[in-house]
Amino acid sequence: MASGEPSKYVTLVSGDGFEFVVLREATKVSPIISGMIDPRSGFAEARDARCVFQEIRQMMNNNFAVFFLTKPGSLFPSPVLDKVVEYFHYWYQYRDNDDVPDMDIPVEICLELLAAADYLGLDQATMNTRQWS
């Protein structure tokens, strides 16, 4: 950006090419994305305010999660990233509330969503959301 200030929004791109424009503050719940878009990181994602999630797949191998390169769209197809983005906005909306309504999660994407949440560090982040607000 010309002013040197980071954009108020970031674009998240699914493995199958769908783009989601998300409020930068809402992505702070993910320590992975926060690190990627931190202006001090020097990463291309920080410079372009754009994170592309492709060519990553998770397999379970003897109770260990193994990530490796493969065909685009394996871990973050658009329905999964759409639900992740929905969660980012959900977290942002309710971050200061004690009484938070349940979020609907379709059963058919539960496993992929769990893998995506793990990859994005959301299991670590939710324990520390109060200090990030």
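Here is what the cut-offs are and how they apply
- Residues numbered from 1 in each chain as written.
- Predicted model: local features only at pLDDT ≥ 70, side-chain atom pairs only at ≥ 80, totals over all residues.
- Heavy atoms only, no water.
- Salt bridge = Lys/Arg side-chain N within 4 Å of Asp/Glu carboxyl O.
- Buried < 20%, exposed > 50% of the residue type's maximum accessible area, 1.4 Å probe, protein only.
- 1 Å grid on protein atoms, 1.4 Å probe; cavity = no way out; pocket = protein on both sides within 12 Å on 5 of 7 lines; lining within 4 Å.
- Points joined across faces, edges and corners; volume = space filled by probe spheres on them.
- Helix = DSSP H or I, 4+ residues; strand = E, 2+ residues; numbered from the N terminus.
- Nonpolar A, V, L, I, M, F, W, Y, C, P; charged D, E, K, R; others polar.
- Pairing = 2+ DSSP bridges.
- Axes fitted to C-alpha atoms, helices over the stretch in contact; angles between N-to-C directions.
- Contact = heavy atoms within 4.5 Å.
- Parallel < 35°, antiparallel > 145°, perpendicular 65-115°, else oblique.
- Left-handed = near helix turned anticlockwise from the far one by under 90°.
- Arc of directions from axis to C-beta.

Participant: What should I look at first to understand the pattern of salt bridges in this one?
Facilitator: If the charged atoms of two oppositely charged side chains come close together, the side chains can form a pair. As enumerated under the stated definition, the model contains 5 salt bridges in all. The shortest N-O distance in the salt bridge between K28 and E25 comes to 2.8 Å. Using a relative accessible area of 34% as the deciding quantity, one classes K28 as partly exposed. Its relative accessible area of 35% is what places E25 among the partly exposed residues.

Participant: Mind showing me how you'd approach the layout of surface pockets here?
Facilitator: One water molecule sets the probe size; rolling that probe over the atoms shows where empty space is left. The computed volume of the largest pocket comes to approximately 230 Å³. Along the wall of the largest pocket there are 13 residues; nearest its centre are Y87, I105, L113, A117 and L122. For the lining of the largest pocket, the elements supplying multiple residues, two or more each, are α3 (78-94), α4 (110-119) and α5 (122-125). The biggest single contributor to the lining of the largest pocket is α4, with 5 residues. Residues belonging to the lining of the largest pocket are distributed by class as follows: 10 nonpolar, 1 polar and 2 charged.

Participant: I tried to follow the sheet that holds strand β2 (residues 19-23) on my own but got confused; where do I start?
Facilitator: Sheet strands pair via backbone hydrogen bonds, and the direction of the pair is either parallel or antiparallel. Here 3 strands make up an open sheet; going across it, the order is β2-β1-β3 and the pairing mixed. The outermost strands of the open sheet, each flanked by one partner alone, are β2 and β3 (50-52). Averaged over all pairs of adjacent strands, the angle between their axes in this sheet comes to 20°, without regard to strand direction. Along the sheet, α3 contacts β1 (9-13) and β2; its crossing angle with β2, the most-contacted strand, is approximately 10°.

Participant: What's the story with the packing of α3 against α4 in this structure? I'm lost.
Facilitator: Between α3 and α4, the shortest axis-to-axis distance is 10 Å and the interhelical angle comes to 60°. With respect to α4, the axis of α3 lies oblique. α4 is crossed by α3, and the crossing has right-handed handedness. The residues of α4 that touch α3, namely those facing V80, K83 and V84, are E112, L113 and A116. Of the residues that constitute the contact of α3 with α4, the class distribution is 4 nonpolar, no polar and 2 charged.

Participant: Just to check I follow, could you spell out α4 for this structure?
Facilitator: Working note: α-helix, 3.6 residues per turn, so residues spaced by three or four point in the same direction. Considered for burial, the residues of α4 that qualify are L113, A115 and A116. Buried residues along α4 cover an arc of 160° about the axis, so they all sit on one side. Away from the buried face of α4 by more than 90 degrees, exposed residues L111 and L114 are located. Directly after α4, the chain includes G121, whose backbone phi takes a positive value near 75°.

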